[in-house]
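Below are the chains, spelled out letter by letter.
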Amino acid sequence: QVQLVESGGGLVQAGDSLRVSCAASGRTISSYRMGWFRQAPGKEREFVARISSSGGSARYAASVEGRFTVSRDNAKNTVYLQMNRLKPEDTAVYYCAADVNSDYSWDYWGQGTQVTVSS
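Since the model is a prediction, treat every value here as computed from it, not as a measurement.

Colleague: Any chance you could explain the overall build of the protein chain here in plain terms?
Modeller: Scanning the protein chain from terminus to terminus reveals zero helices and 11 strands. The helix and strand sequence of the protein chain, counted from the amino end, reads β-β-β-β-β-β-β-β-β-β-β. For the protein chain, whose C-alpha radius of gyration is 13 Å, the value lies close to the compact-globule estimate of 14 Å for 119 residues. Structurally, the protein chain occupies a C-alpha span of about 40 × 25 × 25 Å along its principal axes. Across the 119 residues of the protein chain, 45% fall into the buried class. Within the protein chain, residue pairs in contact and separated by at least 24 positions form 54% of the contacts whose partners lie at least 6 positions apart. Carbon and sulfur atoms provide 46% of the accessible area of the protein chain, an area that totals close to 5900 Å². Across the protein chain, the centroid of the 13 positively charged side chains sits 4 Å from that of the 11 negatively charged ones.

Written out as structure tokens, the structure reads:
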């Protein structure tokens, strides 16, 4: 079992930056692809970013490309999402997930952290 706990969310103004973290416990996540997703009120959960197990490769949703950066520290069993130039439309609950089977099935999820961007 892998437990994932997100933190670092909050209320910021448009144009601000914020970094959210995902701390894992129960098992090392160093061999897992990790992802970030978000869900805005009344909308479906959507993909934001993912990072390979080594951290050498990352992919982003078009809506956040160039503004968000995903990274990881395997020694700390933690994944990060640095969010710059935030927009009101980035307001959502942000979730991290672990792809244990390397098939994009996203087997474990955190409880989420709220990010609210005011205009």
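Colleague: Would you explain the state of the cysteines in this entry?
Modeller: A covalent bond bridging the sulfur atoms of two cysteines is what the word disulfide describes. Counted according to the given criterion, the structure contains one disulfide. Paired by a disulfide, Cys22 and Cys96 hold their sulfur atoms 1.9 Å apart. Disulfide Cys22-Cys96: torsion about the S-S bond near 55°, hence right-handed. Highlighted residues: Cys22 in strand 3 (residues 18-25) and Cys96 in strand 9 (residues 92-99), separated in sequence by 74 residues. One exposure class covers both Cys22 and Cys96, and it is buried.

Colleague: What should I look at first to understand the environment of Asn77 in this one?
Modeller: Here Asn77 lies in the loop between strand 7 (68-73) and strand 8 (78-83). Residues Asn77 and Ser25, 52 residues apart in the sequence, show an inter-C-alpha distance of 7.4 Å. In this structure Asn77 touches Cys22, Ala23, Ala24, Ser25, Arg27, Thr28, Ile29 and Ser30, once residues within four positions along its chain are discounted. A polar side-chain atom of Asn77 sits 3.1 Å from the main-chain carbonyl oxygen of Arg27. Among the polar contacts listed, one links the side chain of Asn77 to the backbone nitrogen of Ile29, at a separation of 2.9 Å.

Colleague: Just to check I follow, could you spell out the pattern of salt bridges for this structure?
Modeller: If the charged atoms of two oppositely charged side chains come close together, the side chains can form a pair. The tally for this structure, following the rule as stated, stands at four salt bridges. Measuring nitrogen to oxygen at the nearest pair gives 2.9 Å for the salt bridge that ties Asp90 to Arg38. Of this pair, Asp90 sits in the loop between strand 8 and strand 9 while Arg38 sits in strand 4 (residues 33-39), placing them 52 residues apart in sequence. With relative accessibility at 5%, the residue Arg38 sits in the buried group. Three or more residues joined by partner-sharing salt bridges are found here, namely Arg38, Glu46, Arg67 and Asp90.

Colleague: In this structure, what is going on with the sheet that holds strand 1 (residues 3-7)? I would like to understand it.
Modeller: Either a parallel or an antiparallel arrangement is found when strands of a sheet pair, and the pairing is made through backbone hydrogen bonds. Spatially, four strands are ordered 1-3-8-7 in an open sheet, and the strand pairing comes out antiparallel. Of all the strands in the sheet, just strand 1 and strand 7 have a single pairing partner and so form its edges. Averaged over all neighbouring strand pairs, the angle between strand axes comes to 15°, with direction disregarded. Relative to strand 8, strand 7 is paired through six bridges, and the arrangement is antiparallel.

The rules behind these values
- Residues numbered from 1 in each chain as written.
- Predicted model: local features only at pLDDT ≥ 70, side-chain atom pairs only at ≥ 80, totals over all residues.
- Heavy atoms only, no water.
- Helix = DSSP H or I, 4+ residues; strand = E, 2+ residues; numbered from the N terminus.
- Rg over C-alpha atoms; globule rule 2.2 N^0.38 Å.
- Buried < 20%, exposed > 50% of the residue type's maximum accessible area, 1.4 Å probe, protein only.
- Contact = heavy atoms within 4.5 Å.
- Areas by Shrake-Rupley, 256 points an atom, 1.4 Å probe, with all protein chains shown as cover.
- Lys, Arg positive; Asp, Glu negative; His and termini not counted.
- Charge placed at Lys NZ, Arg CZ, Asp CG, Glu CD.
- Disulfide = S-S within 2.5 Å.
- Polar contact = N/O pair within 3.5 Å; in protein donor to acceptor, adjacent residues only side chain to side chain.
- Salt bridge = Lys/Arg side-chain N within 4 Å of Asp/Glu carboxyl O.
- Pairing = 2+ DSSP bridges.
- Axes fitted to C-alpha atoms, helices over the stretch in contact; angles between N-to-C directions.

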